[in-house]
Amino acid sequence: MANTEERTLTYVAAVAEAVEEVLNEQETAFVAGEDVAGAGGVFGSFRGILEKFGSDRVIDTPISEEGIIGLGVGSAATGLRPIVDIMFMDFMGECMDEIANQMAKMRYMFGGSAKLPITILTMSGAGMNMAAQHSQSLEVWLCHLPGLKVVAPSTPYDVKGLIIAASRDDNPVFVVLNKLSLRVSGPVPEGDYEIPIGKAEIVRSGSDVTVVTYSRMVSESLKAAEELAKNGIEAEVIDLRSLQPMDSDTVIESVSKTQRAVVVHEAVRFAGLGGEIASQIQERAFDYLDAPVARVGAPFSPVPFSPVLEQAYLPNAKKISAEVSALLG
Amino acid sequence: MANTEERTLTYVAAVAEAVEEVLNEQETAFVAGEDVAGAGGVFGSFRGILEKFGSDRVIDTPISEEGIIGLGVGSAATGLRPIVDIMFMDFMGECMDEIANQMAKMRYMFGGSAKLPITILTMSGAGMNMAAQHSQSLEVWLCHLPGLKVVAPSTPYDVKGLIIAASRDDNPVFVVLNKLSLRVSGPVPEGDYEIPIGKAEIVRSGSDVTVVTYSRMVSESLKAAEELAKNGIEAEVIDLRSLQPMDSDTVIESVSKTQRAVVVHEAVRFAGLGGEIASQIQERAFDYLDAPVARVGAPFSPVPFSPVLEQAYLPNAKKISAEVSALLG
Amino acid sequence: MSLDDATLLDIHQRMIRIRTFETEAGRLMEAGKIPGALHLYVGQEAVAAGIMAQLSNEDWITSTHRGHGHLIAKGGEYGRMFAELFGKSTGYCKGKGGSMHISNMDLGMLGANGIVGAGPPIAVGAAFSIKYRKVNNVAVTFFGDGASNEGSFHEAANMATLYKLPLLLVCENNGYGEYTPQANHQAVVDVADRAAGYGMPGVVVDGMDAIAVYESAEAAIERAKAGEGPTLLECKTYRFFDHVGIRGMGLAYRTDEELQEWQKRDPIYMFEEKLAEQGVLAKEAATKLHETILKEVQEGIKFAENSPDPDPATLLEDVYA
Amino acid sequence: MSLDDATLLDIHQRMIRIRTFETEAGRLMEAGKIPGALHLYVGQEAVAAGIMAQLSNEDWITSTHRGHGHLIAKGGEYGRMFAELFGKSTGYCKGKGGSMHISNMDLGMLGANGIVGAGPPIAVGAAFSIKYRKVNNVAVTFFGDGASNEGSFHEAANMATLYKLPLLLVCENNGYGEYTPQANHQAVVDVADRAAGYGMPGVVVDGMDAIAVYESAEAAIERAKAGEGPTLLECKTYRFFDHVGIRGMGLAYRTDEELQEWQKRDPIYMFEEKLAEQGVLAKEAATKLHETILKEVQEGIKFAENSPDPDPATLLEDVYA
Ligand SMILES: Cc1ncc(C[n+]2csc(CCOP(=O)(O)OP(=O)(O)O)c2C)c(N)n1
Ligand SMILES: Cc1ncc(C[n+]2csc(CCOP(=O)(O)OP(=O)(O)O)c2C)c(N)n1
Ligand SMILES: [Mg+2]
Ligand SMILES: [Mg+2]
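Now for the coordination of the magnesium ion (ligand 4). Four donors placed tetrahedrally about a metal ideally form angles of 109.5 degrees, and six donors placed octahedrally ideally form angles of 90 or 180 degrees. Residue and element names in this part refer to chain D. Taken together, the protein donors to the magnesium ion (ligand 4) comprise Asp145 (OD), Asn174 (OD1) and Tyr176 (O), at separations of 2.0 to 2.1 Å. Each donor residue of the magnesium ion (ligand 4) belongs to the same chain, and together they define the spacing D-x28-N-x1-Y. Of this pair, Asp145 sits in the loop between strand S2 (139-144) and helix H6 (151-162) while Asn174 sits in the loop between strand S3 (167-173) and strand S4 (176-177); the two residues are 29 residues apart in sequence, bridging distant segments of the chain. For the pair formed by Asp145 and Asn174, the shared burial category is buried.

And the structure:
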């Protein structure tokens, strides 16, 4: 265990480790959500946390999402640092008022007098045959709301670093996790470290095209880049990590170099965050662009249940490389 | 009253007249919402409707937005054609689950066996000093959801024609009204007519730049165009009318001609629908563009209460013409 | 037992159909043949059977994530149901819905639902529709003890009483919301205690006793059809399998003893004891029936297995009418 | 009257402060001097005064769209409050919140709220925080009869009892949600009837009688601080002005007779009768007090009028910490 460089953890174990770090560091931090205590989270994100910190700090809630977010808002405004869990991002529909009208706006409406250090964990994404109500990527709802921050880690390393950063931030931060990534392993240092919120990372260098993406689509984009490399196309892949605030500078710098960009996300393409990213690229790097900024996203339908249809639905490496090839072709 | 061409109505009276047309035409149509019956709607949108159609068809509901949308979904699926009112668009947070996970997806999840002819009326927009929770333009939440249609009328004429079209559509259609437009008058023919959902309208022809917009920003854009004309800049202004489905063809055709585009909406600029529109323009008309597609939208803050701040916050003719000038400069 | 023999046999058969379908489905899921999540109804059969025996296709129900039992009791065909669980094109939803959205409009079944608590407001709409169209039907919404803490339940209950809608709100209290025992999600023992707060009767019934369920539902339906409004019917029951699948995640959230206590009150076993006692159906005949139904269920599985996957070209169909 | 004189005078003064502030605010709104919507508290003063007389700045409250009364009773200053209603930079929220979001964290006031029913879940959080920090305080959430039909109320009530939180859920039942009479929005007469469904006491109290309010709140606070959990306190009251402003939209949703009946039970008038009767405060002294407070309120208005508008450059401040 001494050689922390080489230790690996799964994505889901990184969640639990981050939460443990936070609860150790901050006395006012607690965890609340459906089945987070006794069951350790239905995805295992909180395994062992109840045992380590007890039922005063790790709290099972009723199935009451509006109540859960309210618990977060009210306790944060009065001095605690809640970590609340909304099991599936799809369930945000049950609590969008407390998210959009209370959590996001309270500080502003109060003229800056309230502080809301809330970390919200939630699970996004399709690919597990969970059908239309358990597979969505609705981050654009959140990114459109001034007052919130939104991060979307793609690796176990980022999961831990971003959850720790979120918990130290004095604002509400949504950590949008991805359920198909849960069993993916990667290096995760022991102890605490932060990944700064608002900083993108270039996860692959390349000179021919910039692929801007986040969450699970980072690994699909990297796969696509490997395929493309076989044909002599070198893609630079940027993992945004943080969606709000968004590190547009890193993106623009890259596109100024590659002169082409493809934006990729799993969310429905129409009116997704990709529109914002693509718009910014052409606004700020118009003169560098050799081709329109392309977007890869899910088609305009709910997520289907059938595995065959779901595979047809999902953006993946193949669709990404096809889009890149078309752009360069 | 014989000369229907010249009859004018206010925006809000056009709502009531459309609803009356629909209730007359469709026996299975009814209206439900908070204070829609006894009070005739807090904006007056339903004035006189209870008196004409009685309390079986015009129903005051409790303050239960999730229940209201559920009433719409369940009654539509079983044969009725509900018109439901969500007083302020901001209150959608209370019922986004019934909107996003039930209404939008039921037909798809059921393999096409359910039909959901629901018309949802709601009021958007700032400018009336109603502060952060009564002033939002959250249409992007809806446009991102496959299964919904979304229209946003800018004139009394469009209000009536779009509500009638919505009520005849066999899908859920959101009619996003604008509260600052309520007292604006314009010509409205008597009797029934439809404005096709999915068709944009060129409300001003011009050759130098295309301004793509909807809802109240249409009139601000037209004002801006008049200003610009004084400097010899002729803006073509497109009123999208329908946001989902969106008539991109009309937009692309115009931009191919003008070679420049500015997208304008009142909603927060970041991650707003403008990103989708701008992205589509540069995707489909890249070779025609002489400059990046610009976007005008609200800044990244909740809507402030103070009139001085709210005026600073709101997009308006001046900001639009400044953006256009910068683009052409 | 004041119910006539035909009704008793009808209820009995509905319960066996559910039990057999669900057990096979669970087996198939654990064998990796059913994708996604599968919430089984085994243990709770008396509720669906006791109520659905009184409903026609014009009576609407809304269901939950634990929805196959309701659909079978309402007349769902095994083949098309398995096909849906497999994601095949012949499924009730053409494979687009799966277990959590299985539905059939012709049978008056407004869908299983992946969102806890989403059903009651929709059922309010269905009941409103019945009242509006002045037809002599009812709507029934099923939901769990866990769901009774969602705001949607509250809004629906209030609207149903306010408009005196022909609705039954049926809480299937199986003592757990996922892995959280009832005592950890609400301070009351009887969800039926919430009825008074809306101005409707709240009835607690033994949810393992199909006849008791039948009779309380009968009274509630009568009341609903007479224009007197909804009833909250709480059925105390238990699920014999895990929250998802049969063995599930293997969490120690309930004891074997507890399970065994409840299994002693197996709704089918108890019902068959009575049927035999009263001379309505001999034990051997019951066994025979189980076998016949198992064969039919297996036919259904074959039908589903032999059905084609949906054509990927249908992905974008059915989004809009 | 078992309350000591100081407490009685304290309650009395809080009521007059509200009445005077609100009447002046209404006047200013109708004169076009206050932008936006203004929901006045006049008629309901006994509720805020009776409860707030027992709270410290470390006790948290959540309020409603009708929130000035609560803030004044909790110690809000006229000047900074008017400044907020005017949208001035000296307002409690620097002009960013206005009437519907007026708040003061130092006074333990978690804001008026433009969203009906949004307060109770936030108050659950505040009460949880009190319990977590093991301090000897309570949280109080105010909401209307109309708000009691929002799902958020239900979820909050359930969580509060489940965790035995030190919370008072105070329903100010003024008989209307906007223009809809209670009978048209819920089938029950007493919102307090909902308490049993969560496992907490539900108390109905005369909301025009500040002493009755005080005493029931006192018991509920004691209970809360003893770790026995929340209480639902329903105060039957009435608003003397319209839903928005004084005269409002002029809709005929309630009768003059009804208003007059309630005005006979004006909480301040009744209280002053008693004070005089008991020799605690003579009528003349009361009149004097009204005048003094009116002067203070007018000072507040002047302060607000003379305050500068916010600098437009501050638009994007306070979005993030
Ligand atoms: C809105 C929402 N929140 C949470 C979940 C996750 N979830 C699925 S089933 C379940 C438990 C439901 O408990 P109950 O209502 O008692 O039904 P049971 O599973 O016991 O039949 C939960 C929490 C969900 N599907 N939807
Ligand atoms: C979620 C939501 N729905 C609707 C409204 C519009 N609205 C504002 S006040 C009000 C009536 C509230 O009634 P009640 O809770 O009884 O409070 P009162 O106004 O009587 O004090 C309504 C419907 C709102 N602000 N928020
Ligand atoms: Mg349960
Ligand atoms: Mg009221």
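What follows continues from the structure just given.
To continue, consider the interface of chain B and chain A. Contact with chain B, which involves 55 residues of that partner, is made by 55 residues of chain A. Our enumeration of links across chain B and chain A arrives at six salt bridges. At the junction of chain B with chain A, the criterion picks out 27 residue pairs in polar contact (both at pLDDT 80 or more). Every element with two or more residues in the side of chain B that touches chain A is listed here: helix H4 (96-103), helix H5 (106-109), helix H6 (139-143), strand S12 (242-244), strand S13 (261-268) and helix H10 (273-285) of chain B.

A separate point is the site of ligand 2. Around ligand 2, the surrounding shell holds 22 residues, and the nearest of these are Glu65 of chain B together with His65, Arg66, Gly114 and Asp145 of chain D. Ligand 2 sits at the junction of chains B and D, each of which supplies nearby residues. A distance of 2.6 Å is found between a nitrogen atom of ligand 2 and a side-chain nitrogen or oxygen belonging to Glu65 of chain B. For the shell around ligand 2, the class distribution of residues is seven nonpolar, eight polar and seven charged.

Moving on to the packing of helix H1 (residues 5-30) of chain D against helix H10 (residues 283-306) of chain D. All names here are of chain D. Between H1 and H10, the shortest axis-to-axis distance is 9 Å and the interhelical angle comes to 50°. Looking at the two axes, H1 sits oblique to H10. Note on packing geometry: the crossing formed by H1 with H10 is right-handed. Two secondary-structure elements touch here, H1 through His12, Gln13, Ile16, Arg17, Thr20, Phe21, Glu24 and Leu28 and H10 through Ala286, Leu289, His290, Ile293, Leu294, Val297, Gln298 and Ile301. Each residue belonging to the contact of H1 with H10 can be placed in one class, and the counts come to nine nonpolar, five polar and two charged.

Residues and elements named next belong to chain A. The buried fraction of helix H9 (residues 248-258) amounts to eight of the 11 residues, a majority that puts the element mostly inside the structure. Here H9 has its buried residues at Ser248, Thr250, Val251, Ile252, Ser254, Val255, Ser256 and Thr258. Along its buried surface, H9 packs onto strand S9 (201-204), strand S10 (209-213), strand S11 (235-239), strand S13 (261-268) and helix H10 (273-285). Of the residues one or two after H9, Gln259 is the one with positive phi, at around 70°.

The next subject is the domain arrangement of chain A. Interface size is commonly expressed as the accessible area that is lost once the parts come together. Residues and elements named next belong to chain A. Examined at the domain level, chain A breaks down into domain 1 (8-187) and domain 2 (201-328). Summarising the inter-unit geometry, the C-alpha centres of domain 1 and domain 2 are found 26 Å apart. Note on domain 1 versus domain 2: buried area summed over both sides is about 2000 Å², and carbon and sulfur give 56% of it. Of all residues in domain 1, Asn129, Cys143 and Ala152 give up the largest surface area on contact with domain 2, accounting jointly for 24% of the area buried on that side. The interface formed by domain 1 and domain 2 holds one salt bridge in total. Arg241 serves as the salt-bridge partner of Asp158, at 3.0 Å between the closest nitrogen and oxygen. At the junction of domain 1 with domain 2, the criterion picks out 11 residue pairs in polar contact (both at pLDDT 80 or more). Those elements that place two or more of their residues in the side of domain 1 that touches domain 2 are helix H6 (139-143), strand S6 (149-151) and helix H7 (156-168). Classifying every residue of the side of domain 1 that touches domain 2 gives 15 nonpolar, eight polar and three charged.

Of the transformation superimposing chain B on chain A, the axial component is 0.0 Å and the angular component is 180°, with the fit at an RMSD of 0.0 Å. The superposition of one copy onto the other is thereby described by a two-fold rotation axis. Of every C-alpha in chain B, the one belonging to Gly275 of chain B sits nearest the axis of rotation, 2.1 Å from it. Interface residue correspondence from chain B to chain A reaches 100%, placing this contact among same-surface, isologous pairings.

Moving on, we get to the coordination of the magnesium ion (ligand 3). Residue and element names in this part refer to chain C. Coordination of the magnesium ion (ligand 3) by the protein is provided by Asp145 (OD), Asn174 (OD1) and Tyr176 (O), with metal-donor distances spanning 2.0 to 2.1 Å. Mapping the donors of the magnesium ion (ligand 3) onto the primary sequence gives the spacing D-x28-N-x1-Y. Here Asn174 falls in the buried class, since its relative accessible area comes to 6%. You can call Tyr176 buried: its relative accessible area is 9%.

The rules behind these values
- Residues numbered from 1 in each chain as written.
- Chains lettered and ligands numbered in written order.
- Predicted model: local features only at pLDDT ≥ 70, side-chain atom pairs only at ≥ 80, totals over all residues.
- Heavy atoms only, no water.
- Donors = N, O, S within 2.8 Å, 3.2 Å for Na, K, Ca; no water.
- Helix = DSSP H or I, 4+ residues; strand = E, 2+ residues; numbered from the N terminus.
- Buried < 20%, exposed > 50% of the residue type's maximum accessible area, 1.4 Å probe, protein only.
- Contact = heavy atoms within 4.5 Å.
- Salt bridge = Lys/Arg side-chain N within 4 Å of Asp/Glu carboxyl O.
- Polar contact = N/O pair within 3.5 Å; in protein donor to acceptor, adjacent residues only side chain to side chain.
- Near = heavy atom within 4 Å.
- Nonpolar A, V, L, I, M, F, W, Y, C, P; charged D, E, K, R; others polar.
- Axes fitted to C-alpha atoms, helices over the stretch in contact; angles between N-to-C directions.
- Parallel < 35°, antiparallel > 145°, perpendicular 65-115°, else oblique.
- Left-handed = near helix turned anticlockwise from the far one by under 90°.
- Domains from an automatic or database assignment.
- Buried area = accessible area lost by both parts, 1.4 Å probe.
- Least-squares fit on C-alpha atoms with pLDDT ≥ 70 in both.

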